[in-house]
Amino acid sequence: MLRTLVPRSPSDTDGLSGYHPVLQRVYAGRGVQTASDLDLSLSSLLLPATLAGVRSAAERLYQALQSDERILIVGDFDADGATSTALAMEALRAFGATDVRYLIPNRFEYGYGLTPEIVALATEQAPALIITVDNGISSIEGVDAANASGIDVLVTDHHLPGATLPKAAVIVNPNLPECGFPSGALAGVGVIFYVMSFLRAHLREIGWFTERGLTEPNMAQFLDLVALGTVADVVPLDHNNRVLVSAGLQRIQAGKARPGIQSLLAVAGRNVNTIVASDLGFAAGPRLNAAGRLDDMSLGIECLLARDEFTARNLALQLDAMNRERQQIERGMERDALAALERITPGETESLPSALVMHDDHWHQGVVGILASRLKDRYQRPVIAFADVGDGQLKGSGRGISGLHMRDLLDRVATLNPGLISHFGGHAMAAGLSLPAKHFDAFSEAFTALVGEEAGSALTPTLETDGEIDAQHLSLDVAELLRQGGPWGQRFPEPLFQGEFELVEQRIVGERHLKCRLKTTGDDGTAIDAIAFSVDLEQWPDERARNVRLAYRLDVNEYRGRRSLQLMIEQMEKL
């Protein structure tokens, strides 16, 4: 589906006079007004003390350290949960904890979060304290079960809370209504980083490290984990998150990342010295996520915790193999979904319903989230894809579009239709839920109707760009400037430009990628390399196409030590 290209309306650029004119326009289009808005030094981070509950969390953790209690980290089975778990483990060990363990619910056996079943499993290890990371805010029954077993629970989470909170000993979540922390955009790994930073400061203040002969850890050593989890979880990159991601990237580029992250990037063919945020999101993140999607996230966590390059490399290679398997499964599911949609509205994508709610008995529950994301991007619709998990139950993963809040939509459906949904949770752009298979049709009808009522213009397929740029700026130098001008990500998107070009050459490479040579219209100069990934083979290549309108990014192609300009085509329209 071709989207209408809509140039952003940048704000005033007077405060950005020291930057290249292309960067000025790009930054202004993202609400940046002065150079101080681009200060990504760690000194500009929001202070941990402003995070509600962090002081009580530090006090409870200090008690655990002082009493040498057994601590159990209960994480989530995605990249944010894995990095959060690894950070909590490493930080507590550095603070002197002698008995800290982790437990990750297996997606296929226990589902998400601190459920009563997971508490029963945890009780076998007799912990005095459970710390949830990247989950727990909706674990009402699980926390009750832990309390009944005499286990304290410290919830650290970033997901939106429901009307009722768990009765945990302490809750730290920047999205609690009473929390005055200025950023609700922290990922789960960001929340636990803040908790551990405050605890480290408290321990330093009371002389903990000196008394015990411990080397006081520098919290910067955990920023590679924070950067990876933050980017992979696709949370908004507000200023505070950009500071965290930028610092983590600098650490990785300097060769100071832990062996596991270096190995994940290496098996993906990335040069750690030149990586940017997108390399974490599209290379390291998917390989780490593959463990939780297909098997057990413990493999991913062990990769992050690995002390030596040999161990880390072997684990990263296993994760890479899992990721390739995941890609094969995903391609098959996407073919099924596209065929089903073609049966509904043959060749008429404009007549699709306002939301796509889909289910297939053969779909893999660990991959439905990726399928939903692919369909959302293709059709500009909120998408929920369901998999059958047995016992008459379905689990779904949803992806939203700008202008509609996925979790709020599910909350509204649940309120209007009591008993329809068993469990749900998530963010504005992504959510998960479970429901009885017999409720699928009723849920699909209710969700689609609600989206139709509230969507307005959100379903209009548009693509926001940074407008056209002069031919003189289609250069390697400008591409390098933009590459290093981030970190780019959710709500602070990578620069995307539009323009018309003469199509000089076109050919398919790989399975579905279109390699092109382009010239700016009316220009007799050197042709520019470009590539469009996963094109529709029924439309491209098209030997009749002479001129095209593109939405594209400026990228740096590195091959055999040579760096050159390459346009990454987001959308291609024949003129």
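Fair warning: this is a prediction, and the values are worked out from it, not measured in the lab. (Residues numbered from 1 in each chain as written. Predicted model: local features only at pLDDT ≥ 70, side-chain atom pairs only at ≥ 80, totals over all residues. Heavy atoms only, no water.)

Asker: A description of the overall build of the chain should follow, citing residues and the corresponding values.
Answerer: Counting its secondary structure elements, the chain contains 17 helices and 17 strands. Taken over C-alpha atoms, the radius of gyration comes to 24 Å for the chain, in line with the 25 Å a tight globule of 575 residues would show. The C-alpha extent of the chain, read off along each of the three principal axes, is 75 × 55 × 45 Å. In the chain, which comprises 575 residues, the proportion classed as buried is 54%. Of the contacts made within the chain by residues no fewer than 6 positions apart, 67% connect residues no fewer than 24 positions apart. By element, 46% of the accessible surface of the chain is carried by carbon and sulfur atoms, the whole surface being about 24500 Å². Charge centroids of the chain, computed over 52 positive and 74 negative side chains, lie 4 Å from each other. (Helix = DSSP H or I, 4+ residues; strand = E, 2+ residues; numbered from the N terminus. Rg over C-alpha atoms; globule rule 2.2 N^0.38 Å. Buried < 20%, exposed > 50% of the residue type's maximum accessible area, 1.4 Å probe, protein only. Contact = heavy atoms within 4.5 Å. Areas by Shrake-Rupley, 256 points an atom, 1.4 Å probe, with all protein chains shown as cover. Lys, Arg positive; Asp, Glu negative; His and termini not counted. Charge placed at Lys NZ, Arg CZ, Asp CG, Glu CD.)

Asker: Go over the side chain of E90, please, and point to the residues and values.
Answerer: You can see E90 is positioned in helix 3 (residues 79–94). Accessibility expressed as a relative area gives 9% for E90, which makes it buried. Each residue touching E90, except ones within four places of it in the same chain, is listed here: F222, R258, L305 and R307.

Asker: Can you tell me about the sheet that holds strand 17 (residues 562–574), naming the residues and giving the values?
Answerer: With mixed pairing, five strands are arranged side by side around a closed barrel as 13-14-15-17-16. On average, each strand axis in the sheet is tilted by 45° relative to the strand beside it, whichever way the strands run. Pairing between strand 16 (residues 547–559) and strand 17: twelve bridges, direction antiparallel. Within the sheet, the bridge partner assigned to V548 lies in strand 17 and is K574. (Pairing = 2+ DSSP bridges. Axes fitted to C-alpha atoms, helices over the stretch in contact; angles between N-to-C directions.)

Asker: Run through unusual backbone geometry, naming residues and quoting values.
Answerer: Along the chain, G486 connects to P487 via a cis peptide bond; the corresponding omega equals 10°. Counting through the fold element by element, P487 comes out in the loop between helix 17 (476–484) and strand 13 (497–509). For the bond from W540 to P541, the omega torsion is 0°, close enough to zero to count as cis. You can see P541 is positioned in the loop between strand 15 (528–532) and strand 16. The backbone of Q380 shows a phi angle near 55°, a positive value even though the residue is not glycine. Looking at where Q380 falls in the secondary structure, it is placed in the loop between helix 14 (368–379) and strand 8 (383–390). With phi around 55°, D391 is a residue other than glycine that occupies positive phi space.

Asker: Could you give an account of the pairing of strand 16, with specific residues and numbers?
Answerer: Sheet analysis places strand 13 next to strand 16, joined by six bridges and oriented antiparallel. If you follow Q498 over to strand 16, its bridge partner there is A551.

Asker: Tell me about the packing of helix 3 against helix 12 (residues 298–305), residues and numbers included.
Answerer: As a packed pair, helix 3 and helix 12 sit with axes 9 Å apart at the nearest point and diverge in direction by 45°. Comparing the axis directions of helix 3 and helix 12 gives the class oblique. You can see that helix 3 and helix 12 cross each other, and the crossing is right-handed. Residue-level contacts link A82, T83, T85, A86, M89 and E90 of helix 3 to I301, L304 and L305 of helix 12. In the contact of helix 3 with helix 12, the residues fall into six nonpolar, two polar and one charged. (Parallel < 35°, antiparallel > 145°, perpendicular 65-115°, else oblique. Left-handed = near helix turned anticlockwise from the far one by under 90°. Nonpolar A, V, L, I, M, F, W, Y, C, P; charged D, E, K, R; others polar.)

Asker: Go over the pattern of salt bridges with me, naming the residues and quoting the values.
Answerer: Enumeration over the complete set of coordinates arrives at 31 salt bridges. The shortest N-O distance in the salt bridge between E69 and R60 comes to 3.1 Å. An identical accessibility class is assigned to E69 and R60; each is buried. We note a salt bridge from K376 to D377, for which the minimum N-O separation is 2.9 Å. Looking at D377, the relative accessible area reads 40%, which means it is partly exposed. The network of salt bridges with common partners includes R8, R30, E464 and D466. (Salt bridge = Lys/Arg side-chain N within 4 Å of Asp/Glu carboxyl O.)

Asker: Give me the lowdown on the sheet that holds strand 10 (residues 423–426), citing residues and values where you can.
Answerer: Reading across the sheet, the five strands line up as 7-8-9-11-10 and stay open at both edges, with mixed pairing between neighbours. Each edge of the open sheet carries a strand with a single partner, namely strand 7 (356–360) and strand 10. Adjacent strand axes in the sheet meet at a mean angle of 20° when their direction is disregarded. Relative to strand 9 (residues 393–399), strand 8 runs antiparallel, the two sharing seven bridges. Note that in strand 9 the partner of A385 across the bridge is S397. Seen against the sheet, helix 16 (residues 440–454) touches strand 7, strand 8, strand 9 and strand 11 (430–436) and runs at an angle of roughly 160° to strand 7.

Asker: How would you sum up the packing of helix 2 (residues 54–66) against helix 6 (residues 188–205)? Please name residues and give values.
Answerer: At a minimum axis distance of 9 Å, the contact between helix 2 and helix 6 shows a crossing angle of 65°. Crossing handedness for the pair helix 2 and helix 6: right-handed. Within the contact between the two elements, helix 2 uses V54, R55, A57, A58, L61, Y62 and L65 and helix 6 uses Y194, V195, M196, F198, L199, H202 and L203. The class makeup of the residues in the contact of helix 2 with helix 6 is twelve nonpolar, one polar and one charged.

Asker: Account for the packing of aromatic side chains, with residues named and values stated.
Answerer: Scanning the entire structure with this criterion turns up 13 aromatic pairs. Where F193 meets Y194, the ring centres are 6.3 Å apart and the plane angle is 85°; that geometry is what we call edge-to-face. By relative accessible area, which is 2% here, Y194 ends up buried. Between F501 and Y552, the ring centres sit 5.4 Å apart and the planes meet at 85°, which makes this aromatic pair edge-to-face. Here the residue F501 occupies a position in strand 13, and Y552 occupies one in strand 16, the gap between them amounting to 51 residues. As far as burial versus exposure is concerned, F501 and Y552 are alike and both buried. (Phe/Tyr/Trp six-rings, centres within 6.5 Å; stacked < 30°, edge-to-face > 60°.)

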